[in-house]
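Structure at a glance
The primary structure of each chain is shown beneath.
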Amino acid sequence: MPDPQFSEFQFAYSITQELARRVFPTSHWVPHFPTQNQEAEGGYDLNFSNGVSALFLQYKRSKKLQDQRAKDEHWKAYRSEFFRFKVRTANEPGNLEQHELLCRRADGGAPVYYVAPQFYRRMDYQRYARNESVIDNSAFIDCEDAPQPTDTDQHYICHRPKDSTALFFSEEPTGIRAVQGQSLFAELAGWCLVKNQE
């Protein structure tokens with residue numbers, strides 16, 4: 001189970017830079033990084049806002065699972081390589097209610113995504129960062145339909161490149177929407193156009 005060979009800060013920097021250049025190139029949209037206290041209260045790592053509407057992102061580093069040493073229920077769902085990250089829920093001892101805060105924002109109509117890499121090697125990160133294609137090799141997992149578990153177990157989101165559905169593992173795996181690369185640009189460009197006209 002290889003760990004990512006790059007930091008969350010590196011990943012977040014590249015995603016933010018690509019969004020700023022490719023989706024939000026005008027001065028109407030400004031990136032905002034919350035303080036630690038604001039993140040604890042809001043659940044997100046970054047938002048892009050035009051003063052009226054905002055997009056919210058929570059960055060995660062995924063581990064690559066490539067054999068049956070992965071948790072059985074996760075491996076059974078895919079039976080081939082996949083990526084996984086842990087979700088921080090309020091009911092798990094010692095955790096903040098990050099997941100619940102993100103889901104509440106999504107329920108309020110804002111686009112809210114977990115953003116996770118679909119690669120783990122440093123050399124891949126460097127190549128994608130140079131080519132401004134980190135977004136093209138990442139999953140944006142929509143929080144709108146994500147379950148909000150009430151148990152105290154650990155919870156994970158699993159995803160694979162090119163899949164339009166990620167799996168949220170709670171008592172039973174639940175499919176949630178995952179947006180990949182170019183599809184994300186089209187989706188956000190349309191959303192920005194609408195919001196700029198409001």
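Residues numbered from 1 in each chain as written. Predicted model: local features only at pLDDT ≥ 70, side-chain atom pairs only at ≥ 80, totals over all residues. Heavy atoms only, no water.

Turning our attention to the overall build of the chain. Regarding its fold elements, the chain presents 6 helices and 10 strands. Within the chain, the proportion of its 198 residues that are buried is 48%. A fraction of 63% describes how many contacts in the chain between residues 6 or more apart in sequence connect residues 24 or more apart. Taken as a whole, the chain presents about 10,000 Å² of accessible surface, with 45% of it coming from carbon and sulfur. (Helix = DSSP H or I, 4+ residues; strand = E, 2+ residues; numbered from the N terminus. Buried < 20%, exposed > 50% of the residue type's maximum accessible area, 1.4 Å probe, protein only. Contact = heavy atoms within 4.5 Å. Areas by Shrake-Rupley, 256 points an atom, 1.4 Å probe, with all protein chains shown as cover.)

Now for the sheet that holds strand S10 (residues 173–180). Taken together, the 10 strands give an open sheet; going across it, the order is S1-S2-S3-S6-S7-S10-S9-S8-S5-S4, and neighbouring strands pair in mixed fashion. With partners counted over all chains shown, the strands left at the sheet margins are strand S1 (30–32) and strand S4 (63–65), one partner each. In this sheet, neighbouring strand axes are inclined to one another by 30° on average, regardless of whether the strands run parallel or antiparallel. Where S4 and strand S5 (residues 82–87) come together, 3 bridges link them in antiparallel fashion. Looking at the pairing, lysine 64 lines up with phenylalanine 83 of S5. Sitting on the sheet, helix H1 (residues 8–22) is in contact with S1, strand S2 (46–49), strand S3 (54–59), strand S6 (112–117) and strand S7 (138–142), with an inclination near 155° to S3. (Pairing = 2+ DSSP bridges. Axes fitted to C-alpha atoms, helices over the stretch in contact; angles between N-to-C directions.)

Among the nonpolar cores identified, the biggest contains 26 residues, and Ile15, Leu19, Leu57, Tyr113 and Phe140 are the most heavily contacted of them. Secondary structure elements with two or more residues in this core: H1, S2, S3, S6, helix H5 (122–130) and helix H6 (181–197). Once you skip the residues sitting within four places of it in the chain, isoleucine 15 turns out to touch Leu57, Tyr59, Val115, Val134, Ile135, Ser138 and Phe140. Of all hydrophobic cores here, the second largest spans 20 residues; its members include Cys103, Ala139, Ala146 and Ala178. (Core = buried A, V, L, I, M, F, W, Y, C linked by side-chain atoms within 4.5 Å.)

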